[in-house]
Amino acid sequence: MDLSGKKITVHDMSLRDGMHAKRHQISVEEMVTIAEGMDEAGIPMIEVTHGDGLGGASVNYGFPAASDEDYLRAVCGAVKRTKVSALLLPGIGTVDHLEMALDCGISTIRVATHCTEADVSEQHLTMASKIDGLDTVGFLMMAHMASPEQLVEQLKLMEGYGANCVYITDSAGYMLPDDVTARIALAREQLDPATEIGFHGHHNLGMGIANSLAAVEAGATRIDGSLAGLGAGAGNTPLEVFLAVCERMGVETGVDLFRAMDVAEDLIVPLMEHMVRVDRDSLTLGFAGVYSSFLLFAKRSAEKYGLSARDILVELGRRGTVGGQEDMIEDLALDMARNHA
Ligand SMILES: C[C@H](O)CC(=O)C(=O)O
Ligand SMILES: [Mn+2]
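Residues numbered from 1 in each chain as written. Chains lettered and ligands numbered in written order. Predicted model: local features only at pLDDT ≥ 70, side-chain atom pairs only at ≥ 80, totals over all residues.

Some points on the overall build of the chain
Under the convention used in this document: Only runs of H or I of at least four residues qualify as helices and only runs of E of at least two qualify as strands under DSSP, and these elements are numbered from the N terminus. Note that the radius of gyration is over C-alpha atoms, with the globule rule given as 2.2 Å times the number of residues to the power 0.38. Buried residues are those with 20 or more other C-beta atoms within 10 Å of their own C-beta, exposed residues have 12 or fewer, and partly exposed residues lie in between; C-beta atoms are placed from the backbone. Distance between backbone-placed C-beta atoms decides contact: two residues are in contact if it is within 7 Å.
Tallying secondary structure elements over the chain gives 14 helices and 8 strands in all. Here the chain has a C-alpha radius of gyration of 18 Å; the compact-globule value for 341 residues is 20 Å, and the two agree. Reported as C-alpha extents along the three principal axes, the dimensions of the chain are approximately 60 × 45 × 40 Å. Counting over 341 residues, the chain shows a buried share of 53%. At a minimum sequence separation of 6, the contacts of the chain that also span at least 24 residues come to 76%.

What follows is the structure in structure tokens.
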């Protein structure tokens, strides 16, 4: 694979996707310290909010240590070069949340929907695209559940609503490099050449780096990852590893690799409540095609009802559950416990 000379933008997810792995309990002070470290390392973009995006604080998704507004104001005020993005899932986040995030100083809004429901993003993308200078991104989750052709149809909707960048998101960490290549290559062929394409991976099958490289080769120019992999499931593409591979392959990221490694090792690893890694449960997410942020919900229900988290996750995969169905995990566990009794 020859990627030499390609230029990409990396986008760190530790302070948003990483919130899932921390049950949304990262403090404002921890966020600021990490964001400053990333700024010094030259990481161009970072995302900050509740794990489920603006407005995620709820019984269904979990209550965070601080509000989105407190996180965003503090981080946007602390970074010098790094741009801050916020994630918004229509139905969870509202236009009011978007206005608040803009007031805090975000440069990018990423509007996320399930991969077959891009039409739900129309209001937010249309509004965002009219705001001068706001980087407006569409983000299709659980992209392994749609064929390349179906995905392109959905991405075109987002492009039509005004997104200047669209993402293919492997929320379950289920895809293999050929799956990524097929989806990104078709999108690159069919979308407006001016529309950027991004890839967001999860490392549940250990494919974060390989999939991100496949994405770059097929035409993606924005790649998500997390330092030390802090993210849902087995984490996102471990960013410092990806950066090292990029440097070896001659892909330009503009990031200071050693500084990024230090932030991962000195600031993020000590923060982890559990080692974010491929273990039998996070591996099952990737194997069975389950939304990565279901991991801790399944573990909690398994403990409560004396079940195996792996059995719960396999069943969630069999039922084709998607983001937003977190409440079904406990229901399912209860049924499984009754059936075992
Ligand atoms: C709300 C989700 O955590 C978004 C995401 O990062 C994914 O689908 O993956
Ligand atoms: Mn994710």
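Having seen the structure, we can now continue with the description.
Observations concerning the domain arrangement of the chain
In plain terms, the rule: All domain edges in this entry derive from an automatic or database-based domain assignment. All amino acids are sorted into three groups, where Ala, Val, Leu, Ile, Met, Phe, Trp, Tyr, Cys and Pro are nonpolar, Asp, Glu, Lys and Arg are charged, and the leftover types, Gly among them, are polar.
In terms of domains, the chain is made up of domain 1 (9-271) and domain 2 (280-340). Each of domain 1 and domain 2 was reduced to a C-alpha centroid, and the two centroids are 25 Å apart. The partner domain 2 presents 15 residues to the 19 residues of domain 1 that form the contact. For the side of domain 1 that touches domain 2, a count of residues per class yields 8 nonpolar, 10 polar and 1 charged.

Structural notes on the pairing of strand β4 (residues 108-114)
The following threshold applies: Here the rule is simple: two strands pair whenever DSSP picks up at least two bridges between them. Here is how to tell: hold the view so the strands point away, follow the path from the first strand over the helix to the second, and if it runs clockwise the crossover is right-handed.
With 7 of 7 residues buried, β4 is to be regarded as a mostly interior element. Note that strand β3 (residues 83-88) and β4 share 4 bridges and pair parallel. Note that in β4 the partner of Leu-87 across the bridge is Arg-110. Between the parallel elements β3 and β4, the chain passes through helix α4 (residues 95-104) in a crossover that is right-handed. Where β4 and strand β5 (residues 135-141) come together, 7 bridges link them in parallel fashion.

Some points on the nonpolar core
Definition in use: Definition of nonpolar core: a set of buried Ala, Val, Leu, Ile, Met, Phe, Trp, Tyr and Cys residues joined via C-beta atoms within 7 Å.
Core analysis: the biggest nonpolar cluster contains 104 residues, and Leu-72 and Leu-140 have the highest contact counts within it. Take this core: its biggest share by element is 6 residues, from helix α6 (residues 148-161). Looking at this core, you find at least three residues from each of domain 1 (9-271) and domain 2 (280-340). Sequence-distant contacts of Leu-140, that is, excluding residues within four places in its chain, are made with Thr-113, Cys-115, Ala-118, Leu-151, Gln-154, Leu-155, Tyr-167, Ile-168 and Thr-169.

As for the UniProt feature "site: Transition state stabilizer" (unreviewed entry) in the chain
Here is the rule: UniProt positions are given in the numbering used here, feature names are shortened, and annotations may be inferred rather than shown by experiment.
Here, UniProt's "site: Transition state stabilizer" (unreviewed entry) annotation points to Arg-16. Within the fold, Arg-16 resides in the loop between β1 (9-12) and α1 (18-21). If we ignore the near neighbours within four places in the chain, the residues touching Arg-16 are Glu-47, Val-48, Thr-49, Gly-51 and Leu-87.

As for the environment of Arg-222
Locating Arg-222 in the fold gives a position in strand β8 (residues 222-225). On the basis of neighbour counts, which here come to 23 C-beta atoms within 10 Å, the residue Arg-222 falls in the buried class. For the pair Arg-222 and Ser-58, spaced 164 residues apart in sequence, the C-alpha to C-alpha distance is 30 Å. When sequence neighbours within four positions are dropped, the list of residues in contact with Arg-222 reads Ile-8, Thr-9, His-11, Cys-165, Glu-196 and Gly-198.

Brief notes about the packing of helix α12 (residues 295-305) against helix α13 (residues 309-318)
Basically, it comes down to this: Angles shown run from 0 to 180 degrees and are taken between the N-to-C directions of axes, each axis being a line fitted to C-alpha atoms and, for helices, limited to the stretch in contact. By definition in this entry, angles of less than 35 degrees are roughly parallel, angles greater than 145 are roughly antiparallel, angles of 65 to 115 are roughly perpendicular, and the rest are oblique. Should the near helix be turned anticlockwise from the far one by less than a right angle, the crossing is termed left-handed; should it be turned clockwise, right-handed.
Between α12 and α13, whose axes approach to 8 Å, the crossing angle comes to 125 degrees. Taken together, the axes of α12 and α13 lie oblique to each other. Of the two possible hands of crossing, α12 and α13 adopt the one that is right-handed. Here α12 contributes Ala-298, Lys-299, Ser-301 and Ala-302 to the contact with α13, which in turn contributes Ala-309, Ile-312 and Leu-313. By residue class, the composition of the contact of α12 with α13 is 5 nonpolar, 1 polar and 1 charged.

What to know about the UniProt feature "binding site: Mn(2+)" (unreviewed entry) in the chain
As annotated in UniProt, the feature "binding site: Mn(2+)" (unreviewed entry) corresponds to Asp-17, His-200 and His-202 in the numbering used here. For the annotated residues, spread through 186 residues, the largest C-alpha to C-alpha distance comes to 10.6 Å, consistent with a single compact locus. With respect to the helices and strands, the residue Asp-17 is situated in the loop between β1 and α1. Setting aside its immediate chain neighbours within four residues, Asp-17 contacts Gly-51, Ser-226, Gly-231, Ala-232 and Asn-236. Tracing the backbone through its elements, the reader meets His-200 in strand β7 (residues 196-200). Sequence-distant contacts of His-200, that is, excluding residues within four places in its chain, are made with Tyr-167, Thr-169, Asp-170 and Asp-224.

A few points about the pairing of β3
For a regular strand, the rule is simple: side chains alternate between the two faces of the sheet. Most of β3 sits out of view: 5 of its 6 residues are buried. Crossover connection from strand β2 (residues 45-47) via helix α3 (residues 68-78) to parallel β3: handedness right-handed.

Considerations on the site of ligand 1
As a reminder of what qualifies: Residues are classed as near a molecule or strand if the C-beta position derived from their backbone is within 6 Å of it.
As a matter of local geometry, ligand 1 sits amid 14 residues, with Asp-17, Asp-52, Met-141, Ser-171 and Ser-293 nearest to it. Here the residues of the shell around ligand 1 are counted per class, giving 4 nonpolar, 8 polar and 2 charged. Built from parts of two domains, the shell around ligand 1 gets at least three residues from each of domain 1 (9-271) and domain 2 (280-340).

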